[in-house]
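Listed below, chain by chain, are the residues.
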Amino acid sequence: MEYWSWWIGAIALGLFAVVYGFLAGKPLGVSGSWMRIVNWRSDKELKEAETFFKDNQDEAIDDLMAETLAEFGEDVADEIKELSPDNADTDRAKTTTKSSYTPAGAHLVFLLAMVVGSFITAMLHGGFEIKFELSELHSSMSGQTWEMWAGLLFGGIMVGFGTQMAGGCTSGHGLSGCAQFVPASLFATFVFMASAIGFSLFMKLTS
Amino acid sequence: MKQYIIYAILGILMGFILANIGYANYDEIHKMFVLEDLRMLFTFAGAVAIVAVARLITLGRLPKQNKIMQPGLLPGSMLFGFGWAITGACPSLAFVQLGQGHVPAIMTLFGIFIGVSLYKKVHERFFMWETGSCSSA
């Protein structure tokens, strides 16, 4: 398969990141999608609690006030009113913050759809073929078959753990963050690229 | 439902673009990392430049990336770099490899799943610092 030249790829990838930003309302970041999917249970609980609080704001504030008075005594009631005059008594301002919440399911659809996009590419370039290796070069560097599978498992754990620890990946830090000259992203991108280059050179020398 | 359709279209587009650039091909990734062929490195740098210019043209209306300097930045990025060199995959490329018919990518995806789950537990138990991870919602 013949790949796009660097400038066609750059235009396509760059424009895609821009379109993603406008349509999704947030910068492109795949490790964030992973985090949302893997932690969908706590994410769901948080969303339910948020919705419950929004729907029952007055009751929740009354409950909190009752608990506060029970804990600290009636004397603090006047102090609380002074601190939050807008929220006192019946004149409560409702929060009207715009929510940009994306369900974990939509993040999962996004990641799985990448398989489809890649599959379409394969079909357009001579057809789809099942392969039990990444490449001959990869297999030759990995050693025996079980070593290749184990290497991919541990490599995958490093990718998953590392991107969460760094707070981003190639798309979040590399593409979105670097384009906005965010210092943390520039640093992270330099480190993960340098680490990948260093380790690949080591693999090449030792294989 | 609309959100799901938008994300499906975006995912298909991303998979299509990454596969056509060659990011799903381990040999191309390896050639980039051993500095034998810089085509994909230029592609990446060019894409970053285009997003930066788009941000200037749209007067900063593109969503802001909130990444922060935090203690996990150095060790996390190093781990990610090593993992990428071994698997040829970042968190999105494993899906693109699978779409090209590479069955072993399933193992990489399984590993990433374990890594992300494991980090949540380790972070809550030991680290507890703010990571500013990709998309907050």
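Residues numbered from 1 in each chain as written. Chains lettered and ligands numbered in written order. Predicted model: local features only at pLDDT ≥ 70, side-chain atom pairs only at ≥ 80, totals over all residues. Heavy atoms only, no water.

**Brief notes about the interface of chain A and chain B**
- Facing the 117 residues of chain A at the interface are 104 residues of chain B.
- Between chain A and chain B, the buried area comes to about 10200 Å², and carbon and sulfur atoms account for 77% of it.
- A salt bridge links Lys204 of chain A to Glu36 of chain B, with the nearest nitrogen and oxygen atoms 3.0 Å apart.
- The tally of links from chain A across to chain B stands at 24 residue pairs in polar contact (both at pLDDT 80 or more).
- Those elements that place two or more of their residues in the side of chain A that touches chain B are helix H1 (6-24), helix H2 (30-38), helix H6 (104-124), helix H7 (136-142), helix H8 (145-166), helix H9 (170-179) and helix H10 (183-206) of chain A. (Contact = heavy atoms within 4.5 Å. Buried area = accessible area lost by both parts, 1.4 Å probe. Salt bridge = Lys/Arg side-chain N within 4 Å of Asp/Glu carboxyl O. Polar contact = N/O pair within 3.5 Å; in protein donor to acceptor, adjacent residues only side chain to side chain. Helix = DSSP H or I, 4+ residues; strand = E, 2+ residues; numbered from the N terminus.)

**Focus: a negative patch on the surface**
Residues and elements named next belong to chain A.
- Side chains of Glu59, Asp63, Glu67 and Glu71 sit close together on the surface and give a patch of like negative charge.
- Tracing the backbone shows Glu67 in helix H4 (residues 57-72).
- A relative accessible area of 57% places Glu67 in the exposed class. (Patch = residues over 30% accessible without salt bridge, like charges linked within 9 Å, V, L, I, M, F, W, Y side chains within 5 Å. Areas by Shrake-Rupley, 256 points an atom, 1.4 Å probe, with all protein chains shown as cover. Lys, Arg positive; Asp, Glu negative; His and termini not counted. Charge placed at Lys NZ, Arg CZ, Asp CG, Glu CD. Buried < 20%, exposed > 50% of the residue type's maximum accessible area, 1.4 Å probe, protein only.)

**A few points about the pattern of salt bridges**
All names here are of chain B.
- Evaluated as defined, the whole model comprises 4 salt bridges over all chains.
- With a closest N to O distance of 3.1 Å, Glu28 and Arg39 form a salt bridge. Placement of Glu28 in helix H2 (residues 26-33) and of Arg39 in helix H3 (residues 39-57) is noted, with a sequence separation of 11 residues between them. Of the two residues, Glu28 and Arg39, both sit in the buried class.
- Look at the salt bridges and you will find they share partners, linking Glu28, Lys31 and Arg39 into a network.

**Structural notes on the domain arrangement of chain A**
All names here are of chain A.
- What the domain assignment lists for chain A is domain 1 (1-130) and domain 2 (134-207).
- Computed from C-alpha coordinates alone, the two centres of domain 1 and domain 2 are separated by 27 Å.
- Each side of the interface is counted separately: domain 1 has 9 residues, and domain 2 has 8 residues.
- Buried area between domain 1 and domain 2, both sides added, is near 600 Å², and the carbon and sulfur share of it is 62%.
- Linking domain 1 with domain 2 are 0 salt bridges, by the criterion used here.
- In this assembly, domain 1 and domain 2 are joined by 3 residue pairs in polar contact (both at pLDDT 80 or more).
- For the side of domain 1 that touches domain 2, the elements supplying multiple residues, two or more each, are H1 and H2. (Domains from an automatic or database assignment.)

**A few points about H3 of chain B**
- For H3 of chain B, which comprises 19 residues, the first-to-last C-alpha distance of 27 Å matches the rise-based estimate of 27 Å (1.5 Å per residue) to within 8%.
- Along H3 of chain B, the residues classified as buried are Arg39, Met40, Thr43, Phe44, Gly46, Ala47, Val48, Val51, Ala52, Ala54 and Arg55 of chain B.
- Next to the buried residues of H3 of chain B lie H1, H9 and H10 of chain A together with helix H1 (2-21) and H2 of chain B.
- Looking at the residues trailing H3 of chain B, positive phi occurs at Leu59 of chain B, about 55°. (Expected span 1.5 Å × (residues − 1).)

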